[in-house]
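Per-entry structural report
Read off the chains here:
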Amino acid sequence: MNRGIELRHLTYFACLAEELHFGRAADRLGMAQAPLSQQIRQLEERMGVRLFDRTTRRVKLTAAGEILLRHARDVLSGLDRAISHTRAISGEHVGHLVVGGVHLALSQFLPAIIRAFRQDYPAVSVDVVPLTTAEQLKTLDTGGINVAFIRPTTAAGFMQMERLSSEGFVAVLPRTHPLAAKPDLSLRDFSGQPFIGYAPILGASYSNLVLEAFRQAGVRPMVVQDASHTLSIVTLAAAGVGLGIVPSWVAHMPLPELAYRPLDDLPQAVELAIAWPAGETSPAVLDFVRISRLVAAQRRAN
């Protein structure tokens, strides 16, 4: 007997179990922290077990919570597929979607998302357009794309937005550089080394974040060149111009001339969000968003 446990309880529980942070989970769910906390307490009361260990510093799954998370994912995934298959059989999913994306989305997320989407909706063609966040926002507003994979930005009335992932940074350096022999690096290792930075205008957020991290570490990098794009920094590092600091997704693109090393000094500040038109009613678009959310959750779990 489920003692009044509802699907919303599992949805809230799974989100909190993935984030392990009430604030981030509430943001993902589009609700305040207090109602989320209340729903989790209600779920624990109805199950008669404690699912999370909570302190002022952290939230952690209990052994019972880990078991429930596995079952909750199965239930929620099964429901998603049931809805998708039902719509597909009804003939609603016929047409064409245009999806925009920054490089992280194109290389790391969209292949799996499109593969999963096409399994259920082979009659819907998906066109992928590489665009910057600014270009996507403009194009989404005018109807040129149906779904955008962007860097999180301020809310806009023409769209709905949800954060999908966050990751940190890695050091990128020539494979022949002496520091490449170290298994990981710290910001202090950059002292006195030629450094390739982000251009302060085109790469403002990364530029400010990296420079502030250097300042807090008491390191003054020897900047030899600024680059306007992450892949530009990678190319210049491969050419031996200097060392760089780039989002960790770049490490999935191995180049024989380069070494990538973890950098734990920097925060998990590289975020990806999905955006779609406000008030969207197209089943194809809404299902694409739902599958994107599911693939992102699976990627976090792995």
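Look up: the structure comes first, before these words.
Summarised in this report is the structure supplied together with it.

The rules behind these values
- Residues numbered from 1 in each chain as written.
- Predicted model: local features only at pLDDT ≥ 70, side-chain atom pairs only at ≥ 80, totals over all residues.
- Heavy atoms only, no water.
- Helix = DSSP H or I, 4+ residues; strand = E, 2+ residues; numbered from the N terminus.
- Buried < 20%, exposed > 50% of the residue type's maximum accessible area, 1.4 Å probe, protein only.
- Contact = heavy atoms within 4.5 Å.
- Areas by Shrake-Rupley, 256 points an atom, 1.4 Å probe, with all protein chains shown as cover.
- Lys, Arg positive; Asp, Glu negative; His and termini not counted.
- Charge placed at Lys NZ, Arg CZ, Asp CG, Glu CD.
- Axes fitted to C-alpha atoms, helices over the stretch in contact; angles between N-to-C directions.
- Parallel < 35°, antiparallel > 145°, perpendicular 65-115°, else oblique.
- Left-handed = near helix turned anticlockwise from the far one by under 90°.
- Nonpolar A, V, L, I, M, F, W, Y, C, P; charged D, E, K, R; others polar.
- Pairing = 2+ DSSP bridges.
- Phe/Tyr/Trp six-rings, centres within 6.5 Å; stacked < 30°, edge-to-face > 60°.
- Lys NZ or Arg CZ within 6 Å of the ring centre and 35° of its normal.
- Arc of directions from axis to C-beta.
- Core = buried A, V, L, I, M, F, W, Y, C linked by side-chain atoms within 4.5 Å.
- Salt bridge = Lys/Arg side-chain N within 4 Å of Asp/Glu carboxyl O.
- Patch = residues over 30% accessible without salt bridge, like charges linked within 9 Å, V, L, I, M, F, W, Y side chains within 5 Å.

Focus on the overall build of the protein
Helix and strand content of the protein: nine helices and twelve strands. Viewed in the frame of its principal axes, the protein has a C-alpha envelope of about 65 × 50 × 35 Å. Taken across its 302 residues, the protein has 43% of its residues classed as buried. Restricting to contacts in the protein with at least 6 residues of sequence separation, those with at least 24 account for 74%. Accessible surface, the protein as shown: approximately 15300 Å² in total, 53% of it carbon and sulfur. The protein carries 30 positive and 27 negative side-chain charges, and their two centres are separated by 5 Å.

Points about the packing of helix 1 (residues 7–19) against helix 2 (residues 22–29)
Any two packed helices are characterised by the angle at which their axes cross and by the distance between the axes. Viewed as axis vectors pointing N to C, helix 1 and helix 2 meet at an angle of 130°, and their least axial separation amounts to 8 Å. Here helix 2 runs oblique to helix 1, going by the angle between their axes. Between helix 1 and helix 2 lies a crossing whose hand is right-handed. Counting all contacts with helix 1, which are made through Thr11, Tyr12, Cys15, Leu16, Glu18 and Glu19, the residues of helix 2 involved are Phe22, Arg24, Ala25, Arg28 and Leu29. Considered class by class, the residues forming the contact of helix 1 with helix 2 number six nonpolar, one polar and four charged.

Topic: the sheet that holds strand 4 (residues 124–130)
The strand order across the open sheet formed by five strands is 4-3-5-12-6, and the pairing between neighbours is mixed. The strands lining the two open edges of the sheet, one partner per strand, are strand 4 and strand 6 (159–167). Direction aside, neighbouring strands of the sheet carry axes that sit 20° apart on average. Here strand 6 runs beside strand 12 (residues 270–277); their pairing, made up of eight bridges, is antiparallel. Bridge pairing in strand 12 links Glu167 to Val270. In the packing of helix 5 (residues 103–120) onto the sheet, the strands contacted are strand 3 (95–101), strand 4, strand 5 (147–150), strand 6 and strand 12, and the crossing angle to strand 4 comes to about 180°.

Notes on the pairing of strand 12
In terms of burial, strand 12 is largely enclosed, as seven of its eight residues are buried. Sheet analysis places strand 5 next to strand 12, joined by three bridges and oriented antiparallel. Each bridged residue has a counterpart across the sheet, and for Phe149 the counterpart in strand 12 is Ile274.

Some thoughts on the packing of aromatic side chains
By the definition in use, this model includes nine aromatic pairs. Where Tyr198 meets Tyr206, the ring centres are 5.3 Å apart and the plane angle is 70°; that geometry is what we call edge-to-face. Neither Tyr198 nor Tyr206 differs from the other in exposure class; each is buried. Grouping aromatic residues by their ring pairs yields a cluster made of Phe117, Tyr121, Phe149 and Phe288. Above the ring of Phe109, the side-chain terminus of Arg299 is found at 4.5 Å from the ring centroid.

Describing helix 6 (residues 133–141)
Every buried residue belonging to helix 6 is among Thr133, Gln136, Leu137 and Leu140, and all of these are buried. Relative to the axis of helix 6, the buried residues are bounded by an arc of 100° and lie together on one face. Opposite the buried face of helix 6, by more than 90 degrees, sit the exposed residues Ala134 and Lys138. Tucked inside the fold, the buried residues of helix 6 contact strand 3, strand 5, strand 6 and strand 12. Positioned one or two residues after helix 6, Gly143 has a phi angle of 85°, which is positive.

Notes on the nonpolar core
Generally speaking, a soluble globular protein has its nonpolar side chains buried in company with each other. In this structure, Phe149, Phe190, Phe214, Ile245 and Phe288 are the most contacted members of the largest nonpolar core, which totals 60 residues. One finds Leu10, Phe13, Leu43 and Leu51 within the second-largest nonpolar core, a separate group that totals 21 residues.

Here's the deal with the pattern of salt bridges
Tallied over the full model, the rule gives twelve salt bridges. With a closest N to O distance of 3.0 Å, Lys182 and Asp189 form a salt bridge. Judged by relative accessible area, which is 33%, Lys182 ranks as partly exposed. Through salt bridges that share partners, Glu18, Glu19, Arg24, Arg28 and Arg73 make up one connected network.

With respect to a nonpolar patch on the surface
Side chains of Leu7, Val75, Leu79 and Ile83 sit close together on the surface and give an oily, nonpolar patch of about 280 Å² of accessible area. Considering each element in turn, the nonpolar patch owes the most residues, three residues, to helix 4 (residues 63–89). The exposure class assigned to Ile83 is partly exposed, which follows from its relative accessible area of 30%.

Some thoughts on the sheet that holds strand 9 (residues 222–227)
With mixed pairing, the five strands of this open sheet are ordered in space as 9-8-10-7-11. A single partner strand is all that each edge strand has here, and the edge strands are strand 9 and strand 11 (258–263). Averaged over all neighbouring strand pairs, the angle between strand axes comes to 35°, with direction disregarded. Inspection of the sheet shows strand 7 (residues 169–174) paired to strand 11 by six bridges, in the antiparallel sense. Across the sheet, Pro174 pairs through a bridge with Leu258, a residue of strand 11. Along the sheet, helix 8 (residues 230–238) contacts strand 7, strand 8 (194–198), strand 9, strand 10 (243–247) and strand 11; its crossing angle with strand 8, the most-contacted strand, is approximately 165°.

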